[in-house]
Amino acid sequence: MMKSLYYLSQLIFILSLSACGGFSAHKSGSATEGSTLEAHQVPSTKVVAVVSQNQILPNFQSCLGLSREQISEPTRLAHKESIESLSPEGEVDKVSAPMLMAVTKITSEICSDLIKVENDQSSNRKYFQNFNLANSDEGSGSVDSSINNLAASCWGRIPTPEELNIINSSILQVDTLANKTNKDAALFICTAVLSSSQAIRF
């Protein structure tokens, strides 16, 4: 688990500052590297504002299609414990490493909620069709389809080939997740997609 978290933290950093999903800060003293990435960013995906600290959980709930009752207490607690690290009003210059890790903490919990819901709906899943969501045994789903479906819901578009490759390459770095379509892989995929800059952009 620690190894997967290590690669996940690397993945989130790369996705957040990559050519396809970086932050663009207009104020001096930003905690991000928007100015140095300016020449490499795709204008249509450049992030100039992020979801505020009070809206981030409802935003994830909405894009995943979860009801209020399907949001667990651990998810609400993760949001409460992380709120001071999140951008108060959506200011992009407030984005920092602690904020990205706070977002990861929240998304890992709400992704667990999603996995529980989809495990209970084995015949009518939106994101993890044919994954084994009950345990670590292998399923027969498609990783790329799950990434595309999550991104379409929470980014408003499917990933570019570069973004898809970044996520897939990171999964392969974790021995216990490589070429797997099980509960652990689903959690990694969901958390990666929701923790990227494209899921929290306003």
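As the structure is a prediction and not an experimental result, all values here were calculated from the model.

**Student:** Hey, could you run me through the overall build of the protein in this one?
**Tutor:** Scanning the protein from N- to C-terminus turns up 9 helices and 0 strands. Walking the protein from its N terminus toward its C terminus, one meets helices and strands in the order α-α-α-α-α-α-α-α-α. In the protein, which comprises 202 residues, the share counted as buried stands at 50%. Put simply, 67% of the contacts in the protein that link residues at least 6 apart link residues at least 24 apart. Accessible surface computed for the protein: about 9,700 Å², of which carbon and sulfur atoms make up 51%.

**Student:** Help me understand the confidence of the model for the protein in this model?
**Tutor:** Any residue range with low pLDDT should be treated as having predicted coordinates unsuitable for detailed reading. This prediction gives the protein a mean pLDDT of 79; 75% of its residues lie at or above 70. Below pLDDT 50 for its whole length, residues 25–44 participates in 31 contacts with residues either more than four positions away or in separate chains.

**Student:** Help me understand the packing of aromatic side chains in this model?
**Tutor:** Geometry of an aromatic ring pair is reported as the spacing of the ring centres plus the angle between the planes. Using the criterion set out here, one finds 1 aromatic pair in the structure. Between Phe128 and Phe131, the aromatic rings sit 5.1 Å apart at their centres with planes inclined by 65 degrees, giving edge-to-face as the arrangement. A relative accessible area of 4% means that Phe131 is categorised as buried.

**Student:** Which parts of the structure should I look at to understand the pattern of salt bridges?
**Tutor:** Proximity of charged atoms lets side chains of opposite charge pair with each other. Under the definition given, this model contains 3 salt bridges. The partner of Glu81 in a salt bridge is Lys105, with the nearest N and O atoms 2.8 Å apart. With a gap of 24 residues between them, Glu81 in helix α4 (residues 73–82) and Lys105 in helix α5 (residues 97–120) connect regions that are remote in the sequence. Lys105 sits in the partly exposed class, given a relative accessible area of 36%. One salt bridge in this structure joins Glu163 and Arg157, with 2.9 Å as the shortest N-O distance. Here the two residues Glu163 and Arg157 agree in accessibility, since each one is buried.

Criteria and cut-off values
- Residues numbered from 1 in each chain as written.
- Predicted model: local features only at pLDDT ≥ 70, side-chain atom pairs only at ≥ 80, totals over all residues.
- Heavy atoms only, no water.
- Helix = DSSP H or I, 4+ residues; strand = E, 2+ residues; numbered from the N terminus.
- Buried < 20%, exposed > 50% of the residue type's maximum accessible area, 1.4 Å probe, protein only.
- Contact = heavy atoms within 4.5 Å.
- Areas by Shrake-Rupley, 256 points an atom, 1.4 Å probe, with all protein chains shown as cover.
- pLDDT = per-residue confidence, 0-100.
- Phe/Tyr/Trp six-rings, centres within 6.5 Å; stacked < 30°, edge-to-face > 60°.
- Salt bridge = Lys/Arg side-chain N within 4 Å of Asp/Glu carboxyl O.

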